[in-house]
Amino acid sequence: MTRTSTTRASAALTLICAFAAIAAGCGATGNPGPIHYSELAEAQTFPYYRIYWTGPRFEGQPLVAADGRKGYNSEVGDSVYYGDCARGHGVFGGGGSCTLPLQVTTVIYRLHANQPLGPQRNTLIRGVPATVYDEGRSIELYSGRVAIDIFSDTFSRARAAALQLRPLNASGSASGPLPPPVYCPVLYGPQERSLEHAMAHLPGHACQQAAAEVAFKNSLRLTPAASQARADVRARDGG
């Protein structure tokens, strides 16, 4: 995985808390207001790659913060945040844990194992490979050069967000297929037939290329028995 859910949640809380503190203090019970136009403008001009959001509002929850270019970390990616934690008695409503209604993180994809995510389902969403985990509350979609990570408090919200994704800093639609990944995502567990077909027809035959590279690397790793057999042949031939 590109980073842990705990790290992402901590980043979300830190940013949202700092944002709210400007207006009312982090321990206040009031809800944070919508994102300031200057912060949104910075996110809209994010220069490194296409980032995604679900618009200025999501299911009645306003966009309250966006990472933008300031403090950008390529390992962490760039995120947008919706709503607050008041209903869950989190940082805006007392003690306890905090789960935002929605966080969308876009990060350059790096090969990582999905097995640590726990129970998961691999499927097609918006025409691209996706992994659904955390009892459906989290979804990772693979598109272009990036992975789009959705973190929500319910399965229905996570699914709805995936179906409403659109670029924040580029033109694009909230309907129709997303751009297919130019890499082969490393999926764990069974795949639907439609997903297998999509993976086999990625741009540049990405999965076939990845499989060929793995096969080549494996061919260079001789087992002790194979190494001994090769040495025996050389000795027999006087090599």
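Residue positions are counted from 1 within each chain, in the order its sequence is given. Reporting of local features is limited, given that this is a predicted model, to residues whose pLDDT is at least 70; pairs of side-chain atoms are given and counted only at 80 or more, and all residues count toward the totals for whole chains, interfaces and linings. Computation of side-chain values covers all heavy atoms of the structure but excludes hydrogens and water.

Asks: Could you give me a rundown of the sheet that holds strand E3 (residues 61–66), with the residues and numbers involved?
Replies: Two strands are counted as paired when DSSP detects at least two bridges linking them. Secondary structure follows DSSP: runs of H or I at least 4 residues long count as helices, runs of E at least 2 residues long count as strands, and numbering of each begins at the N terminus. Spatially, the 8 strands line up as an open sheet ordered E2-E3-E4-E5-E9-E8-E7-E6, and their pairing is antiparallel. Either end of the sheet is taken by a strand with one partner, and the two such strands are strand E2 (57–58) and strand E6 (120–125). Two elements, E3 and strand E4 (residues 78–82), share 3 bridges in a ladder whose sense is antiparallel. Opposite Leu63, over in E4, you have Tyr82 as the bridge partner. Sheet contacts for helix H3 (residues 155–164): E2, E3, strand E5 (102–108), E6, strand E8 (138–143) and strand E9 (146–152); angle to E9, the most-contacted strand, approximately 145°. In this description, contact between two residues means that some pair of their heavy atoms is separated by no more than 4.5 Å. Orientation is described by lines fitted to C-alpha atoms, with helices fitted over the stretch in contact, and by angles between N-to-C directions that extend from 0 to 180 degrees.

Asks: Describe the environment of Tyr72, with residues and values.
Replies: As for its placement among the helices and strands, Tyr72 is situated in the loop between E3 and E4. C-alpha of Tyr72 to C-alpha of Phe46: the two residues are 26 residues apart in sequence and 9.7 Å apart in space. Among all residues touching Tyr72, those that are not within four sequence positions of it are Phe46, Tyr48, Tyr49, Gly77 and Asp78.

Asks: Residue-level account of unusual backbone geometry, with values.
Replies: The phi dihedral of Glu59 falls on the positive side, at around 50°, and the residue is not glycine. Tracing the chain through its elements places Glu59 in the loop between E2 and E3. The phi dihedral of Arg126 falls on the positive side, at around 55°, and the residue is not glycine. Residue placement: Arg126 occurs in the loop between E6 and strand E7 (128–133).

Asks: Give me the lowdown on the pattern of salt bridges, citing residues and values where you can.
Replies: Here a salt bridge means any side-chain nitrogen of Lys or Arg lying within 4 Å of a carboxyl oxygen belonging to Asp or Glu. Evaluation of the coordinates by the stated rule reveals 6 salt bridges. The partner of Glu59 in a salt bridge is Arg157, and the shortest N-O contact between them spans 3.2 Å. With Glu59 in the loop between E2 and E3 and Arg157 in helix H3, the pair connects residues that are 98 residues apart, well separated along the chain. The cut-offs for exposure are 20% and 50% of the maximum accessible area for each residue type, with area from a 1.4 Å probe on protein chains only; residues under the lower value are buried, those over the upper are exposed, and the others partly exposed. Among the residues examined, Glu59 registers a relative accessible area of 45% and is labelled partly exposed.

Asks: Before we move on, can you summarise the packing of aromatic side chains with the specific residues and values?
Replies: Each pair of aromatic rings taken from Phe, Tyr and Trp, with Trp reduced to its six-membered ring, is defined by centres within 6.5 Å and is described as stacked if the planes are under 30 degrees apart, edge-to-face if over 60, and tilted in the remaining cases. One pass over the full model with this rule turns up 9 aromatic pairs. Ring geometry for Tyr142 and Tyr183: centres 6.5 Å apart, planes at 90°, overall edge-to-face. Placement of Tyr142 in strand E8 and of Tyr183 in the loop between strand E10 (166–167) and helix H4 (193–200) is noted, with a sequence separation of 41 residues between them. Residue Tyr142 is classed as buried on the basis of its relative accessible area, which comes to 0%. A relative accessible area of 13% means that Tyr183 is categorised as buried. Ring pairs connect the aromatic residues Phe46, Tyr48, Tyr49 and Tyr72, which therefore count as one cluster.

Asks: Run through the pairing of E7, naming residues and quoting values.
Replies: Burial within E7 is extensive, with 6 of its 6 residues counted as buried. What you see with E7 is no split at all: Val128, Ala130 and Val132 on one side and Pro129, Thr131 and Tyr133 on the other are buried throughout. Pairing geometry for E6 and E7, over 6 bridges, is antiparallel. Note that in E7 the partner of Arg121 across the bridge is Val132. The sheet contact formed by E7 and E8 spans 4 bridges and is antiparallel. Looking across to E8, one finds that Ala130 is bridged to Leu141.

Asks: Please set out the nonpolar core residue by residue, giving values where relevant.
Replies: Think of a nonpolar core as a cluster: buried Ala, Val, Leu, Ile, Met, Phe, Trp, Tyr and Cys residues, connected wherever their side-chain atoms sit within 4.5 Å. The biggest cluster of nonpolar side chains holds 31 residues, and the ones touching the most others in it are Val80, Ile139, Leu141, Ile148 and Ile150. With 4 residues, the top contributor of residues to this core is H3. Ignoring any residue separated from it by four or fewer positions in sequence, one finds Val80 in contact with Tyr52, Trp53, Leu63, Ala65, Ala66, Leu102, Gln103, Val104 and Leu168. Among the nonpolar cores identified, the runner-up in size contains 12 residues, and Tyr109, Tyr183, Leu187 and Cys207 belong to it.

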